[in-house]
Amino acid sequence: MKSALKLIIAIALLVLIAKCQPEKHEFKNFITTNGNKLMDGENEFRFISFNIPNLNFTEDEMAFAKPHAFRLPTSFEIKDALTSIKQIGGQVARTYTFPVRRESDTLGIPRYVLGPGQFDEESFKVMDTVLATANEVGVRLIVSLLNNWKWMGGVPQYAGFRGKDREAFWSDPELISDFKKTVEFVLNRTNTVSGIKYKDDKSIMCWETGNELVCPYSWTKEIVTYIKSIDTNHLVMDGYHAIDGNDIPEESINDDLIDIVTTHHYKLNPEEILKDIRTQMNRVNNKKPYVVGEFGFLGTEAIGKISDFLINSEISGGLIWSLRFHREEGGFYWHSEPLGDDIYKAFHWPGFPSGIDYNEEKSMPLIREKAFEIRGLKTPLAVVPEAPLLLPIKTVSEISWQGSTGAAFYDVERKEKGGDWEIAAFNITDASQTYTALFNDTKVEVGKDYSYRVIAKNESGESDPSNEVGPVTVNSIKFIDDMENLTSLYFASGDIKIKSDHDREFKEILHRLEVQPNSFIIYYVPGKITNVTCNAFSLEDAGVLDFSFSANGSDFINLSAERKAFYIGKGDYNYWIPSQHLLKPFEDYSYLKIDVKELSQIGRIEIDYVPTN
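Note that the structure is predicted; figures quoted are calculated from it, not measured.

Criteria and thresholds
- Residues numbered from 1 in each chain as written.
- Predicted model: local features only at pLDDT ≥ 70, side-chain atom pairs only at ≥ 80, totals over all residues.
- Heavy atoms only, no water.
- Helix = DSSP H or I, 4+ residues; strand = E, 2+ residues; numbered from the N terminus.
- Expected span 1.5 Å × (residues − 1).
- Buried < 20%, exposed > 50% of the residue type's maximum accessible area, 1.4 Å probe, protein only.
- Contact = heavy atoms within 4.5 Å.
- Salt bridge = Lys/Arg side-chain N within 4 Å of Asp/Glu carboxyl O.
- Axes fitted to C-alpha atoms, helices over the stretch in contact; angles between N-to-C directions.
- Left-handed = near helix turned anticlockwise from the far one by under 90°.
- Nonpolar A, V, L, I, M, F, W, Y, C, P; charged D, E, K, R; others polar.
- Phe/Tyr/Trp six-rings, centres within 6.5 Å; stacked < 30°, edge-to-face > 60°.
- Lys NZ or Arg CZ within 6 Å of the ring centre and 35° of its normal.
- Pairing = 2+ DSSP bridges.
- Polar contact = N/O pair within 3.5 Å; in protein donor to acceptor, adjacent residues only side chain to side chain.

Peer 1: I'd like a description of helix α3 (residues 121-137), backed by residues and values.
Peer 2: The end-to-end C-alpha separation of α3 is 24 Å, in line with the 24 Å expected for 17 residues at 1.5 Å each. Among the 17 residues that make up α3, 13 are buried, leaving the element largely enclosed by the rest of the structure. Taken from the residues just after α3, Gly138 is the one with a positive phi, measuring 95 degrees.

Peer 1: Provide a residue-level description of the environment of Gly90, including the pertinent values.
Peer 2: Mapped onto the secondary structure, Gly90 falls in the loop between α2 (75-88) and β5 (92-94). Assessed through its relative accessible area of 1%, Gly90 is described here as buried. Setting aside its immediate chain neighbours within four residues, Gly90 contacts Phe47, Ile48, Ser49, Ile85 and Ala371.

Peer 1: Account for the pattern of salt bridges, naming residues and giving values.
Peer 2: Across all of its chains, the model carries 53 salt bridges by this definition. The residue Arg189 makes a salt bridge to Glu121 at a minimum N-O spacing of 2.9 Å. Taken together, the residues span a long stretch of sequence, with Arg189 in the loop between α5 (173-188) and β9 (204-208) and Glu121 in helix α3 at a distance of 68 residues. Given the relative accessible area of 8%, Arg189 is considered buried. Here Glu121 falls in the partly exposed class, since its relative accessible area comes to 34%. Lys181 is paired through a salt bridge with Asp178; the nearest N and O atoms lie 3.9 Å apart.

Peer 1: Before we move on, can you summarise the packing of α2 against α3 with the specific residues and values?
Peer 2: Helix-helix packing is characterised by the crossing angle of the two axes and by the distance between the axes. The contact between α2 and α3 brings their axes to 9 Å, and the two run at 35 degrees. Taken as a pair, α2 and α3 cross one another with a handedness that is right-handed. Along its contact with α2, which presents Ser75, Ile78, Lys79, Leu82, Thr83 and Lys86, the element α3 presents Val126, Thr129, Val130, Thr133, Ala134, Glu136 and Val137. A class-by-class count of the residues in the contact of α2 with α3 yields six nonpolar, four polar and three charged.

Peer 1: Give a detailed account of the packing of aromatic side chains, specifying residues and quantitative values.
Peer 2: This model, assessed by the stated rule, comprises 37 aromatic pairs. With a centroid separation of 5.6 Å and 45 degrees between ring planes, the pair formed by Tyr490 and Tyr524 is classed as tilted. Here Tyr490, found in the loop between β21 (477-481) and β22 (491-493), pairs with Tyr524, found in strand β25 (residues 519-524); they are 34 residues apart in sequence, far enough to count as distant. Ring centres of Tyr524 and Tyr591 lie 4.9 Å apart, and the angle between their planes is 45 degrees; this geometry places the pair in the tilted category. Of this pair, Tyr524 sits in strand β25 while Tyr591 sits in strand β31 (residues 591-596), placing them 67 residues apart in sequence. Note on Tyr524: relative accessible area 36%, which makes it partly exposed. Using a relative accessible area of 11% as the deciding quantity, one classes Tyr591 as buried. Here a set of aromatic residues connected by ring pairs shows up, and it is made of Phe50, Tyr266, Phe297, Tyr344, Phe347 and Tyr358. The positively charged end of Lys593 is found above the aromatic ring belonging to Phe556, 5.6 Å away from the centroid.

Peer 1: Hey, could you go over unusual backbone geometry for me, with residue numbers and the actual values?
Peer 2: The general pattern is negative phi for most residues beyond glycine and trans for most peptide bonds. Here Trp321 and Ser322 are connected by a cis peptide whose omega angle stands at -5 degrees. On the secondary structure map, Ser322 appears in the loop between β13 (317-321) and α10 (360-373). Trp349 connects to Pro350 through a cis peptide bond whose omega is 10 degrees. Looking at the element boundaries, Pro350 is found in the loop between β13 and α10. Of note in the backbone geometry, Glu508 takes a positive phi value of approximately 65 degrees without being a glycine. If you trace the backbone, Glu508 turns up in the loop between β23 (496-499) and β24 (512-515). Here the phi dihedral of Asn518 falls at roughly 70 degrees; this positive angle occurs in a residue that is not glycine. Mapping Asn518 onto the fold places it in the loop between β24 and β25.

Peer 1: Go over the pairing of strand β32 (residues 600-611), please, and point to the residues and values.
Peer 2: Counting buried positions over the 12 residues of β32 gives 10, a clear majority of the element. Of the strand pairs in this sheet, β21 and β32 are connected by five bridges, and their pairing is antiparallel. Of the residues in β32, the one forming a bridge with Lys478 is Asp608. Alignment of β24 against β32, held across three bridges, turns out to be antiparallel.

Peer 1: Pulling in residues and values, what's your account of the sheet that holds β22?
Peer 2: Across the sheet, which stays open at both edges, the five strands sit in the order β22-β25-β31-β27-β28 with antiparallel pairing between neighbours. Edge positions in the sheet fall to β22 and β28 (557-559), since each has one partner strand and no second. Each adjacent strand pair in this sheet contributes to an overall mean axis angle of 20 degrees, direction not counted.

Peer 1: Give a detailed account of the side chain of Ser404, specifying residues and quantitative values.
Peer 2: Tracing the backbone through its elements, the reader meets Ser404 in the loop between β15 (401-402) and β16 (409-415). With relative accessibility at 4%, the residue Ser404 sits in the buried group. A polar atom in the side chain of Ser404 sits 2.6 Å from the backbone oxygen of Glu386.

This is the structure in structure tokens:
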């Protein structure tokens, strides 16, 4: 009996160990074609999924004190992005080219291509991680080699390296040779993580000649021929500028070296998008696989109708624009879409109330349903989220964690030394704020010590608790006004209003208080103010705010703020000037007054105080 019991226990332990091991995925096949179909071995390969333009290069690091928005994604972020695609059922993600150094780049901005035949090793190590993770998770990649546009560097920059006009890029032998150096470097690169050459990596569904390239067929022919001379494993997709009704070139449809053709669609009327897709589908006439490489800025019903058309057609797949993923420091990356009618932002998985303007909570489950439907599969239950990683806690007002892929809500628990765990926050999300701490615990007592843990949840269940962090000593309470509404103000006078548009110009802050000149606002806290932080935006690089304090709400004393500006120009998005104002009053003040001298938008007020007994 004892031997049998030991055997049962041993088997149970082996099962438990197996469950705890991360799932490893090895692709058996390169993706190939059979007529107008993409094939994974003997099976047709179809998909509805997302573009992830930040997958190998982030343009959305909008923390208030960061001078620019560019960084390289971390291993955690890459894993979260591709695991999101896996959970959605997408099978494929499309990257957004290899960034090229721009003339306006300042110190610290990473790029992949630094000049003709010059490449940044640290950046390419990130791409190594992307490919290794794609293989691990089981998601294929469409890898675009060149950008027609300036956003992350592309055609204009390659031409600029040689002091030539951008249009020369398509025909000038020197410029074509420069780009071929990039192609050769990429295809022949040996991945420092996996040891596999890119040209031998099965996670790559195909190479795309570029993004929305306004190029002659002669250039496409030369580049595709060059790619195939180096890489005989992968398909090549023509990245021509077939957008919003522009025709796929007839030459590309009839060229046997070009394996896949693609179109992009952003017309406001979904019926016009469907008409354009039908036109191009008929133009291709089943001669080769056709992929709708980008479509978006659409309501839920429109996404559903276009997806249904793709599912019931001969088209191989469609990719929605776009998805952003969890951020290493907590929360998500955010990206407002300037061309999205000032409504649409990049989607976050699994969908959150913060995306109410574009119906994210309903759109994401619908997209997941269609992603499985095009594969002939029923939509499975959501995966129970893994335990999040609670990050180091400096103060109880700055609690953040690395989000769990697919988690919709979190519970934050706290306990005193020797005490039991209790709920500090219930069903909160990590997508309600942008680039700030996720939770501010105000239900604590100054002088006491607390420890914390976090539990991730979704419709399928909840994770194990995170790691425990603490004890953390409470020295003060923090009052925060994130400008979602006007109710946090004690009093205000003048022309003030809540703004929630053009977020890109304001470091993606979702809500801001616009204050006209000669207006003022007052805050009150029930205790002694010890620190004040005010994050604001203005059109002038100068102090446009005056700060004063009072003990009784009537007699205010002016104090000078330490002002820090984080501005390197308007950039591509017409950025306002961000300034952080820091104050440390030394008297027993409970009231803060802010007088506005010039047009400002205040994004966040933080007031630390010690409660009055």
